[in-house]
Amino acid sequence: MLEIQQTKCDHSKTPSTERLTFEQFVGNHFRDFKTRMQGQSKRAGAYIAHQIMADASQLYHIVEVEKKGTTEKRKCYAPCHTLKRLQKMLLETLESKAQPHEAAHGFRKGHSNATAAKTVAKSIKQGKYTLINQDLKSAFPTMKARQVRKIFRELGFSTWQTHIAAKVSCYKGELATGSPLSPMLLNLELIKLDEKLSAMARRAGGSYVRYADDLSLCINTHKTKVIRRAKKEMRKAITKAKFIPHPEKHKVTRIGKDSDRAETVGITVASQSTRPPQRQRRKLFHIARAFSIKTTSADTDLARKVKEQAEKAEPDDPLRYKGLGYYAYFLSV
């Protein structure tokens, strides 16, 4: 049944002739929404409008992605073409109405894990600094439809628009993992948590950054009691925000005592500097050897040589895109 519905959904690939906001597109009641959908696709528009109202989960297909370093698989829910277009339209409306907290570096233009790591590195000066890393467990599924509806209401959506926006955003009452809209909604939901942890970091003479569900708190101390209290307050704030601290993915590094560097958001940081972690450097060496480049050079020179060879490669050579991608990554870090 799902395959038949997916096929129906994919008939609607005609681009919109009007630049409408999400509120304008859905109108003030179901009749407006259905009419707009039929304008997009006469064959499938009405069906998809009714399906969104009844059970939007039928408009997704499940993709399993392996988690790095484990044998576990993460379920992602990929929306059909028409639903994805609606989600992107809603995302544009959200971006015009609200912005995440400045501590959020994930899924934002001009921000990345590199900018998050550089923020932490700048706060680590000559002194006793401790970096506390804490992940959120199943961040997207933990966020429920009632939290999504609250965000839309606070942004001025009408009752009907809030209802349909929540239907478009969620998969079976939870934030859909795989939707282009989900990261923005997560960032907006975590604004209060980001504010609280940023204030805690300022009081401790450090900094706080968040990349998606990866939280990093830097404080100016090596004292065990202070560190324990900071960890406790951090977890308490996460729980109060109705999320779950991951029981396994957390780490404390006392820079200058436990180690002269630490890893945060996938990047190694030290005093005033950042660099890719060792596993990423090994990937660069592997690509360099595939291009027959000697790996005795420094990282930056090696990345530059990889870029030069990648630009000379054939357009259909997979190494071309790997080489150019890793050069861009090393440049940002």
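Note: the structure precedes this text.
Our subject in this report is the structure included herewith. What you see is a predicted model; the values in this text were computed from it and never measured. (Residues numbered from 1 in each chain as written. Predicted model: local features only at pLDDT ≥ 70, side-chain atom pairs only at ≥ 80, totals over all residues. Heavy atoms only, no water.)

Residue position: Ser216 is located in strand S7 (residues 214-219). For Ser216, a relative accessible area of 0% puts it in the buried group. Polar side-chain contacts of Ser216 include one of 2.8 Å to the side chain of Asn133. If we ignore the near neighbours within four places in the chain, the residues touching Ser216 are Leu131, Ile132, Asn133, Ser207, Tyr208, Val209 and Thr264. (Helix = DSSP H or I, 4+ residues; strand = E, 2+ residues; numbered from the N terminus. Buried < 20%, exposed > 50% of the residue type's maximum accessible area, 1.4 Å probe, protein only. Polar contact = N/O pair within 3.5 Å; in protein donor to acceptor, adjacent residues only side chain to side chain. Contact = heavy atoms within 4.5 Å.)

Turning next to the packing of helix H5 (residues 81-97) against helix H9 (residues 159-169). Remark: H5 packs on H9, axes separated minimally by 10 Å, with the N-to-C direction vectors making an angle of 125 degrees. Between H5 and H9, the angle is such that the two are oblique. H5 and H9 meet at a crossing whose hand is left-handed. Mapping the contact onto sequence places Leu83, Leu86, Gln87 and Leu90 in H5 and Ala165, Val168 and Ser169 in H9. Of the residues contributing to the contact of H5 with H9, the split by class is five nonpolar, two polar and no charged. (Axes fitted to C-alpha atoms, helices over the stretch in contact; angles between N-to-C directions. Parallel < 35°, antiparallel > 145°, perpendicular 65-115°, else oblique. Left-handed = near helix turned anticlockwise from the far one by under 90°. Nonpolar A, V, L, I, M, F, W, Y, C, P; charged D, E, K, R; others polar.)

Mapped onto the fold, Asp194 is located in helix H11 (residues 191-203). Overall, Asp194 belongs to the buried group, its relative accessible area being 0%. At 2.8 Å, the side chain of Asp194 forms a polar contact with the side chain of Tyr208. Among residues more than four places away in sequence, those in contact with Asp194 are His101, Ala104, Tyr208 and Arg210.

Let us now look at the sheet that holds strand S8 (residues 245-255). Pairing between the strands of a sheet comes from backbone hydrogen bonds, and it takes one of two forms, parallel or antiparallel. Taken in spatial order, the four strands line up as S6-S7-S3-S8 in an open sheet, and their pairing is antiparallel. Strands with a single pairing partner mark the edges of an open sheet, and in this sheet they are strand S6 (207-211) and S8. On average, adjacent strands in this sheet sit at an angle of 15 degrees to one another, irrespective of strand direction. Across six bridges, strand S3 (residues 129-136) lies against S7 in antiparallel orientation. By the bridge assignment for S7, Thr130 is matched with Ile219. The strands that helix H6 (residues 113-123) touches are S3, S6 and S7; relative to S6, the one it contacts most, it runs at about 165 degrees. (Pairing = 2+ DSSP bridges.)

One finds Phe22, Phe33, Ile52, Leu185 and Leu217 to be the most contacted residues of the largest nonpolar core, which totals 62 residues. For Ile52, the contacting residues outside a window of four places in its chain are Phe33, Leu59, Leu83, Leu86, Ile164, Lys167 and Val168. Ala117, Val120, Tyr129 and Val265 belong to the second-largest nonpolar core, a separate cluster that totals 15 residues. (Core = buried A, V, L, I, M, F, W, Y, C linked by side-chain atoms within 4.5 Å.)

Looking now at the packing of aromatic side chains. Throughout the structure, instances matching the rule amount to six aromatic pairs. Taken together, a centroid distance of 6.4 Å and an interplanar angle of 15 degrees make the contact between Phe107 and Tyr211 stacked. Within this pair, whereas Phe107 is found in the loop between H5 and H6, its partner Tyr211 is found in strand S6, the two being separated by 104 residues in sequence. Residue Phe107 is classed as partly exposed on the basis of its relative accessible area of 48%. Here Tyr211 falls in the partly exposed class, since its relative accessible area comes to 29%. An aromatic cluster is present here, built from Phe25, Phe30 and Phe33 joined pairwise through their rings. (Phe/Tyr/Trp six-rings, centres within 6.5 Å; stacked < 30°, edge-to-face > 60°.)

Geometric values such as these leave the question of function open.
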